[in-house]
Amino acid sequence: MPTPIKIASRLDPIKPSITLAVTAKAAKLKADGIDVISFGAGEPDFDTPDHIKRAVIGALEKPGSGKYTDAGGTQALRAAIAAELGAVHKTTLTADNILVSCGAKHSLFNLFMAMLDPGDEVIIPAPYWVSYPDMVMLAGGKPVIIETRAEDDFAVTPEQVRAACSGRTRAILLNNPSNPTGAVYTRAQIEALAKIVVEKDILVISDDIYRQLVYGDAEYVSIAAVGPEVAARTILVDGVSKTYAMTGWRIGYTAGPVPLIKAMGKIQGQSTSNPTNVAQTATLAALTGPQDCVATMRAAFDERRVEMVKLLRAIPHVTCREPKGAFYAFPDLSYYVGKKSAEGSILDDDVQLCDWLVEVGKVAVVPGSGFGAAGHVRLSYACSMANIRDGVARLHQALTSLR
Ligand code: PMP
Ligand code: GLU
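Rules and cut-offs
Residues numbered from 1 in each chain as written. Chains lettered and ligands numbered in written order. Predicted model: local features only at pLDDT ≥ 70, side-chain atom pairs only at ≥ 80, totals over all residues. Heavy atoms only, no water. Axes fitted to C-alpha atoms, helices over the stretch in contact; angles between N-to-C directions. Helix = DSSP H or I, 4+ residues; strand = E, 2+ residues; numbered from the N terminus. Parallel < 35°, antiparallel > 145°, perpendicular 65-115°, else oblique. Contact = heavy atoms within 4.5 Å. Nonpolar A, V, L, I, M, F, W, Y, C, P; charged D, E, K, R; others polar. Near = heavy atom within 4 Å. Polar contact = N/O pair within 3.5 Å; in protein donor to acceptor, adjacent residues only side chain to side chain. Areas by Shrake-Rupley, 256 points an atom, 1.4 Å probe, with all protein chains shown as cover. Left-handed = near helix turned anticlockwise from the far one by under 90°. Salt bridge = Lys/Arg side-chain N within 4 Å of Asp/Glu carboxyl O. Pairing = 2+ DSSP bridges. Expected span 1.5 Å × (residues − 1). Buried < 20%, exposed > 50% of the residue type's maximum accessible area, 1.4 Å probe, protein only. Arc of directions from axis to C-beta.

With that settled, the discussion passes to the packing of helix H4 (residues 104-115) against helix H9 (residues 258-269). Packing of H4 against H9 brings their axes to within 9 Å, and their N-to-C directions diverge by 110°. On the basis of the axis angle, H4 is roughly perpendicular to H9. Residues His106, Ser107, Asn110, Leu111, Met113, Ala114 and Met115 of H4 form the contact with H9, whose own contacting residues are Leu260, Ala263, Met264, Ile267 and Gln268. The residue makeup of the contact of H4 with H9, split by class, is 8 nonpolar, 4 polar and no charged.

Moving on: the site of ligand 2. In the vicinity of ligand 2, the contacting residues are Ser17, Thr19, Leu20, Ala41, Gly42, Lys105, Trp129, Asn179, Lys242, Tyr328 and Arg378. Threonine 19 has a polar side-chain atom sitting 2.6 Å from an oxygen atom of ligand 2. Within the complex, the protein chains bury 85% of what would otherwise be the 280 Å² of accessible surface of ligand 2. Across the shell around ligand 2, the residue classes break down as 4 nonpolar, 4 polar and 3 charged.

It is the contact of helix H2 (residues 50-60) with helix H10 (residues 277-288), at a shortest axis distance of 8 Å, that shows an interaxial angle of 135°. Overall, the two elements H2 and H10 adopt an arrangement that is oblique. The handedness of the crossing between H2 and H10 comes out as right-handed. In this structure, H2 uses His51, Ile52, Ala55, Val56, Ala59 and Leu60 to contact H10, whose residues at the interface are Val278, Thr281, Ala282, Ala285 and Ala286.

Let's shift gears to the pattern of salt bridges. In total, this model carries 25 salt bridges according to the counting rule given. Through salt bridges that share partners, Lys25, Asp355 and Glu359 make up one connected network.

Glancing now at the site of ligand 1. Residues in close proximity to ligand 1 total 13 residues, the closest being Ala104, Asn179, Asp207, Ser241 and Lys242. Separating an oxygen atom of ligand 1 from a side-chain N or O atom of serine 241 is a distance of 2.7 Å. In isolation ligand 1 offers 400 Å² of accessible surface; the protein chains occlude 93% of this area. Per-class residue counts for the shell around ligand 1 are 5 nonpolar, 4 polar and 4 charged.

Moving on, we come to the sheet that holds strand S4 (residues 142-147). On the basis of which strands lie adjacent, the open sheet formed by 7 strands has the order S2-S8-S7-S6-S5-S3-S4 and mixed pairing. Both edges of this open sheet fall to strand S2 (98-101) and S4, since each of them pairs with a single strand only. The mean inter-strand angle of the sheet, taken between neighbouring strand axes irrespective of direction, is 20°. Pairing of strand S3 (residues 121-126) with strand S5 (residues 169-175), which is carried by 3 bridges, proceeds in the parallel orientation. Following the sheet pairing, isoleucine 123 is matched in S5 by isoleucine 172.

Right, let's talk about H9 for a bit. The end-to-end C-alpha distance of H9, which contains 12 residues, comes to 16 Å, matching closely the 16 Å that a straight helix rising 1.5 Å per residue would cover. Those residues of H9 lying buried are Leu260, Ile261, Met264 and Gln268. All buried residues of H9 fall inside an arc of 100° around its axis, so they share one side. Every exposed residue of H9 that faces more than 90 degrees away from the buried side is listed here: Pro259, Lys262 and Lys266. Its buried side turned inward, H9 meets S2, H4, strand S7 (234-239) and strand S8 (252-255).

On to the side chain of serine 341, then. Note that serine 341 resides in the loop between strand S9 (328-329) and helix H12 (350-359). Sequence-distant contacts of serine 341, that is, excluding residues within four places in its chain, are made with Trp356 and Leu402.

Of the two faces of S8, both are covered, the one formed by Gly252 and Thr254 as well as the one formed by Tyr253 and Ala255. Here S2 pairs with S8 via 4 bridges, running antiparallel. From the neighbouring strand, leucine 99 faces S8, where its bridge partner is threonine 254.

Scope: geometric values only; no functional claims are made or implied.
So this is what it looks like as structure tokens:
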């Protein structure tokens, strides 16, 4: 019998998150007893550091930790975030410039809902994190995708941005370091982009969630710190998920001009209310407590990065740029797209290739087409060295069996 269920048309162009889908598929196979190695999730394998957990245990023993807080986050946490981000980005921020949300994903969603009118354009350099275009569309905006090139280390050029600007452009979204490519913008590139932002009088949304995870001689450069004119046009999105191994606590935050933060707060006040009270306690402990845990995790990611890239480059016909930040490698597997497996299936695109890799090769990687870069795949190296060695060996074996 037909039911009155009808799905809103605003979901028509929206795809499910492929990073979450691949991770869930690998988890399901593992739960079914199948030995799959997953490079899917963008999630540190480390546990949340002890001093952060202890702060929460302490808070739970006192009354009040189960109560609502201010919908936009506690005053103490917003002040601590303002102090930290103010120092990093060389700008003056107060608690009023900060909104704490349920993960940086939620921060971005509130941001697009608060700033976009139907048809407003947001420039998104590809490869991009899977959720950006869909979030812009959910808010009624139009993603304008700019293709970057592996040869340019996936950096968007000022000329490309200038050419993509129209009368409807509201913002450019920068993700530095990048998920999925691991690229990190140089100082010269950031300064050139800052110039365009000011010249075109648009906003820059800087998603810096991986800013503390940079390796070798790469340096994270804040676009807001370039000068007051670009700082006035910068919205910072950040969070604790990646830096402090706190993905499941669901805390992210936005720093921006007060009217925009207030508008985002209105949305949050009418939708989720405050992010979880004790998760805010944990975040305050993360930001104000000892920082050596960050250096320890970064050093481990760096070793794994070197190993993974070396093993990927040893696979015939695979090229892989050196990722300089975040915790992803993004090799080009296009040579293997269109090839035939021993069982007789033709793997016509990277999605089919990745499906086959998980089902037959028992290794889960995320297809590049979800990031606007067909033919590539993303592997997270935020997992054990043993997984990296065994998992990339499986990838090597599976790919070289294709004809
Ligand atoms: N931005 C980027 C680039 C990400 O990779 C992620 C998640 N991995 C997020 C934002 C959102 O992170 P969270 O919601 O866990 O804070
Ligand atoms: N952002 C992480 C990733 O890229 C976690 C999953 C998600 O939120 O998309 O894998």
